[in-house]
Amino acid sequence: MPVRAWRFESSPAHKKNRFLCYNLPMIFLNDILMRVAICILGFCGFMVARHIRYHKKTGKLLVCPIRFDCNTVVNSDYSRLFGIPVEILGMAYYFLVAVSYLFFIFMPGLLPNFLIGFMIMLSLIAFLFSVYLICVQIFILKKGCSWCFVSAFISISIFILTVLTYDFGSIAQTITQ
């Protein structure tokens, strides 16, 4: 359903002033709402990854609200990628998402499409990596971590909202030109 908006128009040639009613497509509002949701998810993901990092760094026991074995998972051999702790990669990813989508919200026309394309690719990589880490927990470690599952859910949600938000055809055309 379109949103109604009013605009004042002055026509010096006809010496008339009038208000025109026109419809704004809901696509604009949906885009903004999706971007706000992605930004909020990015912030929440950053806080979850930071929580895991804090407990790992200080050596404090990571308490799992649903009685999984979080400490075994976050201290396993799979908790590093190329020597970098996965939670630091998560913090960097979620921070980049939150900041980028703040720019996408407040300056949508000023950002180049290649940056949007980069964020789409980054969310795809994070989605696939989250699925991989969930599979590692279930099939290899046979242990779970609720904080890791929350982070994976946030990452997957960011990817799904990204897919629903953008017109990939026009972005791909701009990037390839």
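Fair warning: this is a prediction, and the values are worked out from it, not measured in the lab. (Residues numbered from 1 in each chain as written. Predicted model: local features only at pLDDT ≥ 70, side-chain atom pairs only at ≥ 80, totals over all residues. Heavy atoms only, no water.)

A few words on the environment of Pro108. Position of Pro108 among the secondary structure elements: in the loop between helix H3 (86-106) and helix H4 (113-141). Each C-alpha atom, one on Pro108 and one on Ile32, is 9.3 Å from the other, the two residues being 76 residues apart in sequence. Beyond its immediate chain neighbours, meaning those up to four positions away, Pro108 contacts Arg35 and Phe103. (Helix = DSSP H or I, 4+ residues; strand = E, 2+ residues; numbered from the N terminus. Contact = heavy atoms within 4.5 Å.)

Let's shift gears to the environment of Leu122. For Leu122, the location among the structural elements is in helix H4. Between the C-alpha atoms of Leu122 and Tyr93, which are 29 residues apart in sequence, the distance is 8.1 Å. Excluding residues that lie within four positions of it along the chain, Leu122 makes contacts with Tyr93 and Leu96.

This part takes up the side chain of Ser123. Here Ser123 shows up in helix H4. A distance of 2.9 Å separates a polar atom in the side chain of Ser123 from the backbone oxygen of Ile120. When neighbours within four sequence positions are excluded, Ser123 is seen to be in contact with Tyr93, Ile158, Phe159 and Thr162. (Polar contact = N/O pair within 3.5 Å; in protein donor to acceptor, adjacent residues only side chain to side chain.)

Overall, the coordinates contain six aromatic pairs when judged by the stated rule. Ring centres of Phe68 and Phe149 lie 5.9 Å apart, and the angle between their planes is 65°; this geometry places the pair in the edge-to-face category. One end of the pair, Phe68, is in the loop between helix H1 (26-58) and helix H2 (70-74); the other, Phe149, is in helix H5 (residues 146-165), and 81 residues separate them in sequence. Take Phe149: its relative accessible area is 25%, and that puts it in the partly exposed class. (Phe/Tyr/Trp six-rings, centres within 6.5 Å; stacked < 30°, edge-to-face > 60°. Buried < 20%, exposed > 50% of the residue type's maximum accessible area, 1.4 Å probe, protein only.)

The next subject is the confidence of the model for the protein. A residue-level look at the protein finds 77% of positions with pLDDT of 70 or above and a mean pLDDT of 81. Here residues 17-27 is modelled with pLDDT under 50, and outside its nearest four sequence neighbours on either side it reaches 31 contacts, counting other chains as well. (pLDDT = per-residue confidence, 0-100.)

What follows is about the packing of H3 against H5. Contact pair H3 / H5: the axes reach a minimum separation of 12 Å and the direction vectors enclose 35°. For the crossing formed where H3 meets H5, the hand is left-handed. Two secondary-structure elements touch here, H3 through Tyr93, Tyr94, Val97 and Tyr101 and H5 through Ser151, Ile154, Ser155, Ile158 and Thr162. Residue composition of the contact of H3 with H5, by class: six nonpolar, three polar and no charged. (Axes fitted to C-alpha atoms, helices over the stretch in contact; angles between N-to-C directions. Left-handed = near helix turned anticlockwise from the far one by under 90°. Nonpolar A, V, L, I, M, F, W, Y, C, P; charged D, E, K, R; others polar.)

So, about the packing of H3 against H4. Packing of H3 against H4 brings their axes to within 11 Å, and their N-to-C directions diverge by 145°. As H3 runs across H4, the sense of the crossing is left-handed. Side by side, H3 and H4 meet where Val86, Tyr93, Leu96, Val97, Ser100, Tyr101 and Phe104 of the first sit next to Leu115, Ile116, Phe118, Met119, Leu122, Ser123, Ala126, Phe129 and Leu133 of the second. Looking at side-chain class alone, the contact of H3 with H4 contains 14 nonpolar, two polar and no charged residues.

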